[in-house]
There are 2 protein chains.
Amino acid sequence: MRAKLADSIFLFNGKDGEFRAEITELDKKRASLLIKEKTREQNEEPDLWLLFAPIKHGKIDFLAQKATELGVSKLIPVFTKRTAVSRVNTQRLVSNAIEAAEQSERLTVPEIKEPEQLSMLLNSWPERRKIIMCDESGGGTPFKEAMEKEQKGNNQYAILIGPEGGFSEGELDMLHKLSYVIPVGMGPRILKADTAALAALACWQENLGDWNKKPKFKI
Amino acid sequence: MRAKLADSIFLFNGKDGEFRAEITELDKKRASLLIKEKTREQNEEPDLWLLFAPIKHGKIDFLAQKATELGVSKLIPVFTKRTAVSRVNTQRLVSNAIEAAEQSERLTVPEIKEPEQLSMLLNSWPERRKIIMCDESGGGTPFKEAMEKEQKGNNQYAILIGPEGGFSEGELDMLHKLSYVIPVGMGPRILKADTAALAALACWQENLGDWNKKPKFKI
């Protein structure tokens, strides 16, 4: 941080809005800030989770950044049968999400959960939250058609992206049987896992999220 | 390429479909292939261009890859008033696009044009092709609403993404005056240029492109 004494800094805590503060004391280890004014109200944000099979270092950082820009509220890495990556540095994902939240002018940081087995996660799934499952096997409804059946009133969703090798047959069977899972198709081209995640987040925001709102610029 | 004698290779030229060929001769410098069978028909692909202000090395490679996965047919780097990058290695973008086309099972490679000034490009613009302009200034129609006004019959579009610093006031004025420009909004969060491009490409494919089609797996 290259800030100097008397510089302005913008602060948010995820619930009270955004405030402009000035630096009143500064040394190498610490700074004191004096809050001068409220600059933005906290506003309601979409309640959208992303469940994704972890991918390689670098690509997973990128995914955390872009998903944050696209307004995800919770990121949950899930292990599936064909997931090739076995460990996730969630602390690094948190750092990526914080930086992306600041740059995108969000006033919240998405929650990052520790990885979980897909089957375990579904065992205790809150059924009111629908899961939009990106189904590469071709078994899903086209994305737009699926969105048209949803109502803007229900606003708890999750997007589920499989691993690079796809879901196993057993996983596909299980997912297709769950009443709260909506299998969707995303066209004829094979998308990489990170591309599919960003594409689905964008299309969800466009259809059911907050893309009807405009950016709120600072006063 | 780690292929060996008698291995199968899949070939496409962007107009006749996909063919399986076997390697009949192989040395360090060259190989002979014998075409054995046609494996997929060429199918019609969306006619969607992406005009983007060039961004930094690394990020621009990534953009070319992801845009190819998302089915773009032509990439045109455009210089705007606030574009910070002044040179583009189009040959490297071509390599990125070829690799992404293969991996996404496309049977075409998007055309990559040499960079051009935005104003020059618009001077000779084919007016039948509408430009969906991602308008960070908040002056656009929400994306979904804008798409609902379009007809699936007109199928020539381009997406225009500004530089990291946004369009200048003069550019915004000029763009808003053009009858074939559709300014769209993409919600309250500030998206980076590459994120905005991918999000817009995905939403266009979902609404006006070919996301109603399914992947065609090899026979």
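Here's a quick rundown of the structure. Treat the numbers as computed from the prediction; the structure is a model and nothing was measured.

**Let's talk about the sheet that holds strand 1 (residues 8-12) of chain B**
Residues and elements named next belong to chain B.
And then number 1: Strand order in this open sheet of three strands is 1-2-3, and the pairing throughout is antiparallel. Every interior strand has two partners, whereas the edge strands, strand 1 and strand 3 (31-40), have only one. With strand direction ignored, the average angle separating the axes of adjacent strands in the sheet is 35°.

**Examining the pattern of salt bridges**
Residue and element names in this part refer to chain B.
And then number 1: Using the criterion set out here, one finds 34 salt bridges over all chains in the structure.
And then number 2: Across the pair K113 and E111 runs a salt bridge, and its minimum N-O distance is 3.7 Å.
And then number 3: The class of E111 is partly exposed, set by a relative accessible area of 39%.

**Thoughts on the relation of the copies chain A and chain B**
And then number 1: If you rotate chain A by 180° and push it 0.0 Å along the axis, it lands on chain B with an RMSD of 0.0 Å. The operation mapping one copy onto its partner corresponds to a two-fold rotation axis.
And then number 2: By residue overlap, the copies meet face to face through one surface: 100% of the interface positions of chain A are interface positions in chain B.

**Here's the deal with the environment of L75 of chain B**
And then number 1: If you trace the backbone, L75 of chain B turns up in strand 5 (residues 74-79).
And then number 2: Take L75 of chain B: its relative accessible area is 1%, and that puts it in the buried class.

**Let's talk about the packing of aromatic side chains**
And then number 1: Using the criterion set out here, one finds nine aromatic pairs over all chains in the structure.
And then number 2: Ring centres of F62 of chain A and F62 of chain B lie 4.4 Å apart, and the angle between their planes is 70°; on these two criteria the pair is classed as edge-to-face. A residue pair is termed interchain when its members come from two chains, as with F62 of chain A in helix 1 (residues 59-69) and F62 of chain B in helix 1 (residues 59-69).
And then number 3: A relative accessible area of 12% means that F62 of chain B is categorised as buried.
And then number 4: Summarising the aromatic geometry, the rings of W125 of chain B and Y180 of chain B are spaced 6.4 Å apart at their centres and angled 15° between planes, so their arrangement reads as stacked. Placement of W125 of chain B in the loop between helix 3 (118-123) and strand 8 (130-134) and of Y180 of chain B in the loop between helix 5 (169-177) and strand 11 (181-185) is noted, with a sequence separation of 55 residues between them.
And then number 5: Taken together through their ring pairs, the aromatic side chains of W49, W125 and Y180 of chain A make up a single cluster.
And then number 6: Residue placement shows R129 of chain A over the ring face of W49 of chain A; its charged tip is 3.7 Å from the ring centre.
And then number 7: Stacked on the ring of W49 of chain B, the Lys or Arg K74 of chain B has its end atom at 4.2 Å from the ring centre.

What counts, and at which threshold
- Residues numbered from 1 in each chain as written.
- Chains lettered and ligands numbered in written order.
- Predicted model: local features only at pLDDT ≥ 70, side-chain atom pairs only at ≥ 80, totals over all residues.
- Heavy atoms only, no water.
- Pairing = 2+ DSSP bridges.
- Helix = DSSP H or I, 4+ residues; strand = E, 2+ residues; numbered from the N terminus.
- Axes fitted to C-alpha atoms, helices over the stretch in contact; angles between N-to-C directions.
- Salt bridge = Lys/Arg side-chain N within 4 Å of Asp/Glu carboxyl O.
- Buried < 20%, exposed > 50% of the residue type's maximum accessible area, 1.4 Å probe, protein only.
- Least-squares fit on C-alpha atoms with pLDDT ≥ 70 in both.
- Contact = heavy atoms within 4.5 Å.
- Phe/Tyr/Trp six-rings, centres within 6.5 Å; stacked < 30°, edge-to-face > 60°.
- Lys NZ or Arg CZ within 6 Å of the ring centre and 35° of its normal.

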